[in-house]
Amino acid sequence: MSDSPGGADSKGFLSRVPFHPFILPLCFALGVFARNRFEAEIGGVIQVMIVMVLAAALLVALLRPLYRTWRRAAVAASAITFFLLYEPSLLFSLEPGDGLSLAIFAAATLLLLILLLRLWRSRTPAAGLTLALNVIVLVVPLPDIWVLVTWFAGNQSIAATPSDIFPDLPAPAAAADDDARRPDIWYIVPDRYANAANLSRYSGFDNSAFLTMLRAKGFTIVDNAHSNYQRTAVSMTSVLNLDYLDGFSRFPESDGRDWRPLYRALEDNRVSRFLDRADYRIYRFGSHWEPTRYDPYADEHRNVFDVPEFGHRLLTVTVLGQLAYATGFGAIDGWYSHCQRLQRQFDDLVDLAGRNERKYVLAHLLVTHRPFVMTDDGRCLSHLQAAARAQGQGYVDAVKYANERFSILVDAILKGPRPAIIVLMSDEGPWPPNVKLLSPASFANSEMVDWAVMNAEQLDRKTGILMAIHLPPDHAGSVSGDDPFPQSPVNVFRMIFRRYFDLPLPPLPDRYFLNRSDETIYDFFDVTDRLPR
């Protein structure tokens with residue numbers, strides 16, 4: 001990309017070749033990765049970096065005719081890129097009020113326009129600017145590179161694979177001529193949907209009509225149910241691997257801050273591995289959150305704006321992401337995409353119920369999880385409209401909307417062509433008030449909480465969940481009627497596989513655990529005696 005073969009301004013590689021616009025977005029991505037290295041997988045980070053470099057190349061190519069030389073076009077591209085990526089970081093660090101934020105944004109935009117105009121009117125070969133910018137982008141990321149290199153070199157992450165921690169279940173028996181005993185399996189996870197007692201006590205909402213409807217349709221409701229663990233990652237990993245998470249304790253030397261082994265065990269879980277071998281067609285309805293966004297065994301993923309979580313999180317802290325958030329512009333806005341994802345996924349679930357095929361459906365739905373973007377009849381709200389609701393009304397509206405859509409979905413499944421097991425079970429309860437976050441959240445599980453000091457009420461609210469299970473009345477499985485019905489999530493798939501696949505999986509004792517903090521993820525302590533019975 002040199003503009004002249006000779007002359008004083010072209011001497012030296014750093015002065016001649018303007019590579020800085022391609023490295024600058026990598027500097028930004030490396031900084032985000034360094035701060036989130038305990039959660040982000042390198043594969044997703046590399047995908048995002050490739051897209052960013054390609055975007056930078058396109059920007060330089062578009063600016064080249066306007067600025068007449070590659071070096072000036074590259075300087076203009078770097079100025080635009082710096083503004084788009086780093087201006088929100090300045091606001092985040094200053095934490096100004098709305099008025100000052102707008103003033104800073106306007107001033108930064110004006111400064112960018114002045115710089116671009118002066119560069120356009122200039123006839124300078126920009127060799128000095130090219131040299132300076134090339135040097136800057138080589139120096140700036142060094143601290144983040146050092147953090148990442150030293151962490152990877154000394155990282156004591158759990159090296160075992162998910163199947164080492166949770167070995168495969170016994171191979172399923174052939175069931176080609178016994179399809180009736182192999183019903184469809186629907187595992188629906190409304191994130192943070194509280195149990196009836198907590199909805200009544202803390203949200204002032206009576207959920208009895210919905211639960212009565214479920215019972216009338218053959219569901220068994222576990223009253224006052226609680227999750228075995230307090231967060232999505234630990235709770236769903238336990239459910240989908242049919243066991244408590246003691247297996248991680250076999251690696252005491254591992255880094256207690258590293259979520260990735262847990263995420264991998266959630267993605268590559270026993271249930272998906274087993275049902276894949278049993279010739280089930282697997283459908284995954286995920287969110288933007290990486291561990292449930294992707295299932296390596298899924299035949300089909302249903303999502304909206306489906307990109308690696310690292311890319312989604314990175315986009316939200318750019319000027320484009322902030323403008324999209326402020327204006328509600330399309331899929332770039334996480335608020336908008338959250339609403340659109342829920343609407344489309346509920347519609348797709350109903351359509352899927354009519355398919356005559358042996359299937360396993362896992363739907364992790366953030367319908368009762370912040371942000372609460374809908375009215376109780378499913379209309380998408382703007383940020384201002386949502387903020388105008390009374391405190392707590394957003395959560396109640398989300399429960400009402402979820403109940404309406406679950407009622408439609410349950411009817412569609414029960415009227416469908418195949419017998420079906422339906423597990424409608426949340427993974428955790430909503431966050432209780434007055435829980436101090438010791439550090440801000442950058443990724444999904446970055447809230448630093450000292451779980452050991454939670455009182456009984458907070459613990460009840462954080463783990464109290466909806467737990468409703470429907471078993472096909474004419475296909476009750478091979479186990480006698482005295483087979484115990486699960487009272488906590490860890491035993492749900494043990495019961496299903498015991499009854500319908502003849503696996504020797506006796507129920508586990510119902511126990512409840514917390515991990516002490518996000519600094520010691522795999523250090524669990526028992527809180528069974530502190531929960532209401």
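A short tour of the structure in this document, coming up. Just so you know, these numbers come straight off a predicted model, no measurement behind them.

## Observations regarding the sheet that holds strand S4 (residues 300-302)
Here is step 1: Overall, mixed pairing links the seven strands, which are arranged S2-S7-S6-S1-S5-S3-S4 in an open sheet. Looking at which strands have only one partner, the edges of the open sheet turn out to be strand S2 (219-221) and S4. For this sheet, the mean inter-axis angle between neighbouring strands, taken without regard to orientation, is 10°.
Here is step 2: As paired strands, strand S3 (residues 281-285) and strand S5 (residues 359-365) are joined by five bridges and run parallel to one another. The partner of Phe285 across the bridge, within S5, is Ala363.
Here is step 3: The strands touched by helix H13 (residues 270-277) are strand S1 (184-190), S3 and S5; relative to S3, the strand with the most contacts, the crossing angle is about 145°.

## Observations concerning the pairing of strand S9 (residues 520-526)
Here is step 1: In this sheet, S9 lies alongside strand S8 (residues 513-517) in antiparallel orientation, the contact comprising four bridges. By the bridge assignment, Phe513 is partnered in S9 with Asp526.
Here is step 2: In textbook terms, the turn of a hairpin is the stretch between consecutive antiparallel strands, and for S8 and S9 this stretch comprises two residues.

## Topic: helix H2 (residues 20-35)
Helical periodicity: at 3.6 residues per turn, an α-helix aligns residues three or four positions apart in one direction.
Here is step 1: Compared with the 22 Å implied by 1.5 Å per residue over 16 residues, the 23 Å span of H2 between its first and last C-alpha is a close match.
Here is step 2: Extensive coverage of H2 is indicated by the burial of 13 of its 16 residues.

## Re the state of the cysteines
In a disulfide, the sulfur atoms of two cysteines are held together by a covalent bond.
Here is step 1: This structure, assessed with the given rule, holds one disulfide.
Here is step 2: Here Cys339 engages in a disulfide with Cys380; their sulfurs sit 1.8 Å apart. On the S-S bond that ties Cys339 to Cys380, the torsion sits near -90°, and the link is left-handed. Taken together, the residues Cys339 in helix H17 (residues 334-352) and Cys380 in the loop between S5 and helix H18 (383-387) connect sequence positions 41 residues apart.

## Some thoughts on the layout of surface pockets
Here is step 1: As a volume, the second largest pocket reaches approximately 670 Å³.
Here is step 2: Considering the residues around the second largest pocket, the lining is formed by 20 residues, among which Val51, Met52, Ala55, Leu315 and Leu320 are closest to the centre.
Here is step 3: Those elements that place two or more of their residues in the lining of the second largest pocket are helix H3 (42-67), helix H4 (70-94) and helix H15 (309-316).
Here is step 4: Looking at the lining of the second largest pocket, the element that brings in the most residues is H3, giving six residues.
Here is step 5: Broken down by class, the residue content of the lining of the second largest pocket amounts to 17 nonpolar, three polar and no charged.

Reading the values: the criteria
- Residues numbered from 1 in each chain as written.
- Predicted model: local features only at pLDDT ≥ 70, side-chain atom pairs only at ≥ 80, totals over all residues.
- Heavy atoms only, no water.
- Pairing = 2+ DSSP bridges.
- Helix = DSSP H or I, 4+ residues; strand = E, 2+ residues; numbered from the N terminus.
- Axes fitted to C-alpha atoms, helices over the stretch in contact; angles between N-to-C directions.
- Contact = heavy atoms within 4.5 Å.
- Expected span 1.5 Å × (residues − 1).
- Buried < 20%, exposed > 50% of the residue type's maximum accessible area, 1.4 Å probe, protein only.
- Disulfide = S-S within 2.5 Å.
- 1 Å grid on protein atoms, 1.4 Å probe; cavity = no way out; pocket = protein on both sides within 12 Å on 5 of 7 lines; lining within 4 Å.
- Points joined across faces, edges and corners; volume = space filled by probe spheres on them.
- Nonpolar A, V, L, I, M, F, W, Y, C, P; charged D, E, K, R; others polar.

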